[in-house]
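# Working through the structure, step by step
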Amino acid sequence: MNVMMLDKPDKVENKPLKYIVHKYPEIDQGQVIVKVLANGVCHSDLHIIEGDFQLPSEMFPIIPGHEIVGEIVESKSDLQVGERVGIGWFYSACGVCDQCISGHENLCPNALVTGINKYGGYSEFAALDAQYVTRIPDDLKDKDAAPLFCAGITALSAVKRIHPNINDRIAVFGVGGLAFYAIQFIEAMGAKAVAVTRSHGSVAEKAGASEIVDRPSGGYDGSIVFAPSRDTVQKAVASTKSGRTIVIPAVMDRIDFPFGDFMWEKNVTSVASGLRKEAREILRLASETGLKSMITERKLEEANNVLSDLKRGKIQGRAVLIP
Ligand SMILES: [Zn+2]
Ligand SMILES: [Zn+2]
């Protein structure tokens, strides 16, 4: 089978992913093999590939990709051949620790990550754990469903942490693939999304944001920071009301902010991708409410170029690789 393999991290401009023939996976009891129908390209892939996560060398080679939608072609589980399923960042968890038992499998210390600890979706086929995949509703297209498994789940988790009330104004800093979903969730909950963006106003408009601004005016009832920089985090903390929440799904910079901007009981929290029940929730939402998607389809072997475009902010919405 054909895969995009990463032997060692390097800048995407140097095309570190190699399009090669790799051996077909073998599975154990409780696993399935899927034919990958679509795999979304996430910012985390860029961090993995360029070495920002500083993964130990023994973890390589890596086949990235953690927004997989595939059709089951072989099953050693209760799932049937022909069913369409998907998987996100969390490949599996231990199932027996305190976090797993209390329903926070995303915080399991023994969780395995798709596309790091296990071969991911930059591939024609993938072996997955039947307990951790989620079935895809028939009316969702492969390319629309794939990004829901990381971008969609992360956006939903972020919005839920804010608990938006009707007519609350929630600021969304940085408008890309995740914000495209977050804006829709905020508006669907009866609150107003304020998109803070200099260059992607059209994306925010398509997502249905109530307001689009190039700098924050303040007084927000919550903020989500999708643009991972220290400066943006500081702006978000300063412009969010006392007693409310600032969600930072992922940040690579060191962050800090003046205590004066933070002292009146503001909550700052991260989100760690999502849970299986959230995957089910978002797929149901997408199927029932017609969640909009903004997808650029590209071929698997173009992954290096796609990642390079993503790095330069040239992908609007989400890119999806089709093997
Ligand atoms: Zn991701
Ligand atoms: Zn666990």
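Residues numbered from 1 in each chain as written. Chains lettered and ligands numbered in written order. Predicted model: local features only at pLDDT ≥ 70, side-chain atom pairs only at ≥ 80, totals over all residues.

Along the protein, the regular secondary structure elements total 10 helices and 17 strands. Taking 2.2 N^0.38 as the reference for a compact globule, 323 residues should give roughly 20 Å; the C-alpha atoms of the protein span a radius of gyration of 19 Å, in line with that estimate. Taking the principal axes of its C-alpha atoms as reference, the protein extends roughly 55 × 40 × 35 Å. Within the protein, the proportion of its 323 residues that are buried is 46%. (Helix = DSSP H or I, 4+ residues; strand = E, 2+ residues; numbered from the N terminus. Rg over C-alpha atoms; globule rule 2.2 N^0.38 Å. Buried ≥ 20, exposed ≤ 12 C-beta atoms within 10 Å, placed from the backbone.)

Given a rise of 1.5 Å per residue, 12 residues ought to cover 16 Å, and the 17 Å separating the end C-alpha atoms of helix α4 (residues 151-162) matches this to within 8%. Of all the 12 residues making up α4, 10 are buried; the element is thus mostly covered by neighbouring parts of the structure. Downstream of α4 by one or two residues, H163 has phi in the positive range, about 50 degrees. (Expected span 1.5 Å × (residues − 1).)

Note on interface size: it is often stated as the accessible area lost on association of the parts. Domain assignment breaks the protein into domain 1 (2-150 + 273-322) and domain 2 (152-269). Taking the mean C-alpha position of each, domain 1 and domain 2 sit 26 Å from one another. At the junction of the two partners, domain 1 supplies 21 residues and domain 2 supplies 15 residues. At five residues, helix α9 (residues 276-289) tops the list of elements feeding residues into the side of domain 1 that touches domain 2. Looking at the side of domain 1 that touches domain 2, its residues break down into eight nonpolar, eight polar and five charged. (Domains from an automatic or database assignment. Contact = placed C-beta atoms within 7 Å. Nonpolar A, V, L, I, M, F, W, Y, C, P; charged D, E, K, R; others polar.)

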